[in-house]
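So the chains spell out like this:
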Amino acid sequence: MGLGWSSAEERESLLPPQPRVAAGDPLVPPFRRGHIPVAAVPRLAPAPGRVYGRRWFVLLLFSLLGFAQGLLWNSWGPIQNSARVAFGFSSWDIALLVLWGPIGFLPCFAFMWLMDKRGLRVTMLLTSSLMVLGAGLRCVPLSDLTIRKKLIHGGQLLNGLAGPTVMNAAPFLSTTWFSPDERATATAIATLLNYLGAACAFLIGPLVVPSPNGTSSLPLASQSNSEHIKDHIDAVLYAEFGLVSLIFSAALAYFPSRPPFPPSVAAASQRLSYRRSFCRLLSNFRFLMIALAYAIPLGVFSGWSGVLDLILTPVHVSQVDAGWIGFWSIVGGCVVGIAMARFADFIRGMLKLIILLLLFGATLASTWFTLTCLTSVTHLPLTTATLYTSCILLGIFLNSSIPIFFELFVETVYPVPEGITCGVVTFLSNMFMGVLLFFLTFYHTELSWFNWCLPGSCLLSLLLILCFRESYDRLYLDVVVSV
């Protein structure tokens, strides 16, 4: 994105008319820094741009890649007992297979640079090729389980390296291809499909792979010996490899970096350089405030979700029930998140209020869950219904806040490129998750402290957002004031 997108004449036709100012009046856009009430935004109409029907195909390809990345990342958690029997995985192996996700975010800044310099197509092809290679390594049929385990770990690491793109580039794609009244919706779809892929792993693994104790619903569950389980796991790995290869082939055939003509003024405008963007982000106290408000609760929730079966074991919840709780919490978050994003597109300029409501609900749900697990102290009823309801509500409130947060990040620090902005906050979130999972690996005998992290992080985030002063610099460029 930048001045190379289109000609000066094309950009000039998109610029909103500039109001006349008297001598001595400040030349500050009236909608910046809160000079005009947020409620004034719905009276503004989008500046004329040009959108193309192919934008939905581009969004579909990117969303499918995110779906596949989440599916591959969560392949082993729901079938960890079967994987122990088939491949001889230890507890450390299972934890490390999940930990490769946040570890893959360590070179996140290199992917930000590539996206900023070379565009979305090059980044997309590199990311999908890493996923193809990673999915292929997991499928290599070796009888030596030691080497096979190393290849599986290598494949998970390569899939983790794809995380920075599929989790960061959604606002960049929505700005590049979609009009201002569709951006939040496109961001939500592209972002939340990654989480939906992780949710589907809770279904696909247990339905296809027999459990070692023979409790699977499949007719062949009685033959649950190690070779039989291994064959079913291989079938899942081959299917996932085929899915990733198909997405890579489609992206290679057609996935342009940008449309011929920008959809909005913000899409055509020049952005800050890579180095200046980081200087702007690190020196912007308002951005750091909302970055922590996003990273802390989402990082804690992601780590908590990854070991949900271990957390629920002390309260006698089976692995199957834990998987269903994780599935419905993510699916509910995806559905509500897309609905909230569409609502945000409709009312525009109310992102802070939406986030406050979602965080308030997450604080109540996490507190309910934590107190319910302390049956000896609170005497609250501990039933399957209460556990399902509190966990699913928590997932809905937190997961649906992700695209709204992303849009608020971009509006706050514009003209910093979207990929760099969201890359920094997702890096922070994954670092929080990685630290928690690393600590959990060495201190996993008592998990009640993990439950208390949930309401504490949600409450801290709620307080940070309450103190945050919102502004909509990007939106100002994309609207004209009705006279």
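Values in this document were obtained by computation on a predicted structure and should not be read as measured data. (Residues numbered from 1 in each chain as written. Predicted model: local features only at pLDDT ≥ 70, side-chain atom pairs only at ≥ 80, totals over all residues. Heavy atoms only, no water.)

Draft legend 1. Representation of the overall build of the chain within the structure. For the chain, the count of helices and strands is 23 helices and 2 strands. Within the chain, the proportion of its 483 residues that are buried is 58%. Across the chain, contacts joining residues at least 24 apart in sequence account for 85% of those joining residues at least 6 apart. Surface summary for the chain: the accessible area is close to 19,600 Å², and the carbon and sulfur share equals 69%. (Helix = DSSP H or I, 4+ residues; strand = E, 2+ residues; numbered from the N terminus. Buried < 20%, exposed > 50% of the residue type's maximum accessible area, 1.4 Å probe, protein only. Contact = heavy atoms within 4.5 Å. Areas by Shrake-Rupley, 256 points an atom, 1.4 Å probe, with all protein chains shown as cover.)

Draft legend 2. Focus on the packing of aromatic side chains. This structure, assessed with the given rule, holds 15 aromatic pairs. Centre to centre, the rings of W56 and F178 are 5.1 Å apart; their planes meet at 75 degrees, and the pair counts as edge-to-face. Taken together, the positions of W56 in helix α2 (residues 55-73) and F178 in the loop between α9 (170-177) and α10 (183-208) put the pair 122 residues apart, joining distant regions of the chain. Geometrically, the ring pair formed by F109 and F427 is tilted, given 5.0 Å between the ring centres and 50 degrees between the ring planes. (Phe/Tyr/Trp six-rings, centres within 6.5 Å; stacked < 30°, edge-to-face > 60°.)

Draft legend 3. Examining empty space enclosed by the protein more closely. Enumeration according to the criterion identifies 4 cavities of 30 Å³ or more in this entry. Every residue lining the largest cavity is counted, 14 residues in all, and those nearest its centre are A344, D345, R348, E407 and E411. Going through the elements one at a time, α10, α16 (319-347), α20 (402-413) and α23 (473-477) are the ones with two or more residues in the lining of the largest cavity. Across the lining of the largest cavity, the residue classes tally to 7 nonpolar, 1 polar and 6 charged. Computed from the structure, the second largest cavity encloses a volume of approximately 70 Å³. If you go around the second largest cavity, the residues you meet are L71, S75, W76, I79, A201, I204, G205, I233, V236, L237 and E240. Of all the elements, helix α11 (residues 226-253) adds the most residues to the lining of the second largest cavity, at 4 residues. (1 Å grid on protein atoms, 1.4 Å probe; cavity = no way out; pocket = protein on both sides within 12 Å on 5 of 7 lines; lining within 4 Å. Points joined across faces, edges and corners; volume = space filled by probe spheres on them. Nonpolar A, V, L, I, M, F, W, Y, C, P; charged D, E, K, R; others polar.)

Draft legend 4. Representation of a nonpolar patch on the surface within the structure. Among the surface-exposed residues, F57, L60, L64 and Y254 lie close enough to one another that they form a single nonpolar patch of about 330 Å² accessible area. If you trace the backbone, L64 turns up in helix α2. By relative accessible area, L64 is classed as partly exposed at 34%. (Patch = residues over 30% accessible without salt bridge, like charges linked within 9 Å, V, L, I, M, F, W, Y side chains within 5 Å. Salt bridge = Lys/Arg side-chain N within 4 Å of Asp/Glu carboxyl O.)

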